[in-house]
Amino acid sequence: MDVTLDKLREYSHWPKEKPGYDFDDHGWFGDYNAHVLGKFLNDKTRVILEIGSWLGKSARWMLDIAPNAEIICVDTWKGSEELKNEYRLDGLKERFQASCWEYRDRIIMLEMEGILGVHLVSELGITPEVVYIDGSHQYLDVLADLRAIKKCLPDSQVVGDDLTKQFPGVERAINDMGLNIERLGGVWWEVKE
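Keep in mind it's a predicted model, so treat the numbers as computed, not measured. (Residues numbered from 1 in each chain as written. Predicted model: local features only at pLDDT ≥ 70, side-chain atom pairs only at ≥ 80, totals over all residues. Heavy atoms only, no water.)

Quick notes on the side chain of Asp-134
Part 1 of the reasoning: Along the chain, the position of Asp-134 falls in the loop between strand S4 (130-133) and helix H6 (139-152).
Part 2 of the reasoning: Salt bridges are absent for the buried Asp-134, whose nearest opposite-charge side chain, Lys-57, sits at 11 Å.
Part 3 of the reasoning: Excluding residues within four positions of it along the chain, Asp-134 makes contact with Ile-51, Gly-52, Asp-161 and Asp-162. (Helix = DSSP H or I, 4+ residues; strand = E, 2+ residues; numbered from the N terminus. Buried < 20%, exposed > 50% of the residue type's maximum accessible area, 1.4 Å probe, protein only. Lys, Arg positive; Asp, Glu negative; His and termini not counted. Salt bridge = Lys/Arg side-chain N within 4 Å of Asp/Glu carboxyl O. Contact = heavy atoms within 4.5 Å.)

Encoded structure:
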């Protein structure tokens with residue numbers, strides 16, 4: 001185990017016993033996400049940072065495709081504006097923990113905004129190979145996350161989701177950052193030069 005990841009675990013709080021929710025595979029992780037992330041994850045990947053984890057569907061997939069990696073899942077586990085009527089918001093963090101219970105030794109949960117998670121990871125000297133952004137879709141939140149990533153984790157490969165008409169803030173933030181990207185459906189990734 002990496003000493004800096006052990007330090008980060010001090011911020012992660014898994015319960016001693018599995019929360020009383022059934023496994024829930026709900027999420028928006030699909031074939032395009034898997035195809036794009038599969039380009040950047042493999043058995044050599046050691047650290048992944050995910051901003052926005054919901055119930056852990058994408059986190060579990062990434063850990064399966066990168067069997068030697070640990071993932072830092074940054075989320076408030078409060079949901080977002082577009083999900084305000086979603087019944088899973090009740091106990092969302094505990095639902096995440098129950099659905100990811102078998103992976104708990106490889107998941108570091110940071111219950112905070114994305115920008116704070118990026119800064120904490122950077123301050124501890126951790127450089128994830130991949131940063132996957134699928135958190136808030138609000139322009140200012142996406143912009144803040146991208147600015148923090150570019151400043152604090154410039155060597156990390158950035159991959160994101162929801163570059164769609166439904167979430168115009170995502171596209172606006174990417175454009176305002178001047179990122180050189182490619183996309184497959186709503187999934188995008190920064191092209192490193």
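Structure shown, so let's carry the discussion forward.
Digging into the nonpolar core
Part 1 of the reasoning: In this structure, Ile-72, Leu-110, Leu-146 and Trp-188 are the most contacted members of the largest nonpolar core, which totals 32 residues.
Part 2 of the reasoning: Mapped onto this core, the elements with two or more residues apiece are helix H1 (3-9), strand S1 (47-51), strand S2 (70-75), strand S3 (107-111), helix H5 (114-123), S4, H6 and helix H7 (168-177).
Part 3 of the reasoning: Here this core gets seven residues from one element, more than from any other, and that element is H6.
Part 4 of the reasoning: Setting aside residues up to four positions removed in sequence, Leu-146 forms contacts with Ile-133, Val-158, Ala-173, Ile-174, Met-177, Leu-179 and Trp-188.
Part 5 of the reasoning: In terms of nonpolar packing, the next biggest core, distinct from the first, is built from 29 residues, Leu-37, Leu-63, Leu-92 and Phe-96 among them. (Core = buried A, V, L, I, M, F, W, Y, C linked by side-chain atoms within 4.5 Å.)

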